[in-house]
Amino acid sequence: MTEAKKLSVADALAQAELIESTLSAFEKTAPHAVEALGGRDALARMSDMTCIGPIPRLDQETWAGISKEFQERRDWEAREAGGLQGRMNGF
């Protein structure tokens, strides 16, 4: 069995911040998908730590659902921003 790597307090805090920011990004971009997976804690438990943060182990269908929700949210926000800009230009 591999011995666990011992982290300094600073390294542990940096690791915790990376995990927090990654999970927050998933919640922000696909909140319905995160909820359907069981919430933030469930998402963290099904994730493997990588150099860019925790990445969930998901099947292709689940990843597609997250991607679709993200794209729909992005498109909606772009339409809202465009509509607001158009209304502001009219004044």
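Residues numbered from 1 in each chain as written. Predicted model: local features only at pLDDT ≥ 70, side-chain atom pairs only at ≥ 80, totals over all residues. Heavy atoms only, no water.

## Describing the environment of S24
The following threshold applies: Strands here mean DSSP runs of E at least two residues long; helices mean DSSP runs of H or I at least four residues long; both are numbered from the N terminus. Burial status follows relative accessibility: with a 1.4 Å probe on protein chains alone, a residue under 20% of its type maximum counts as buried, one over 50% as exposed, and anything between as partly exposed.
Within the secondary structure, S24 is located in helix α1 (residues 9-29). A residue is classified by how much of its surface remains accessible, and S24, at 28% relative accessible area, is partly exposed. Expressed as a C-alpha distance, the spacing of S24 and R40, which sit 16 residues apart in the sequence, is 8.4 Å.

## Considering the pairing of strand β1 (residues 47-50)
Applied cut-off: Strands are labelled as partners when DSSP assigns at least two bridges between them.
Two elements, β1 and strand β2 (residues 53-56), share four bridges in a ladder whose sense is antiparallel. Bridge pairing links S47 to P56 in β2. Between β1 and β2, which pair antiparallel one after the other, the connecting turn spans two residues.

## Brief notes about the packing of aromatic side chains
We apply this condition: Paired rings are identified among Phe, Tyr and Trp, the last through its six-membered ring, by centres lying within 6.5 Å, and are further divided according to the angle between planes into stacked (under 30 degrees), edge-to-face (over 60) and tilted (the rest).
Summed over the entire model, instances satisfying the criterion amount to one aromatic pair. Ring geometry for F26 and W63: centres 6.1 Å apart, planes at 45°, overall tilted. One end of the pair, F26, is in helix α1; the other, W63, is in helix α4 (residues 60-89), with 37 residues separating them in the sequence.

## Overview of the nonpolar core
Basically, it comes down to this: Joining through side-chain atoms within 4.5 Å is the link that ties buried Ala, Val, Leu, Ile, Met, Phe, Trp, Tyr and Cys residues into a set, and such a set is a nonpolar core.
Core analysis: the biggest nonpolar cluster contains nine residues, these being L23, F26, A30, A33, V34, L43, M46, L58 and I66. Counting only elements with at least two residues in this core, the list comes to α1 and α2 (31-36).

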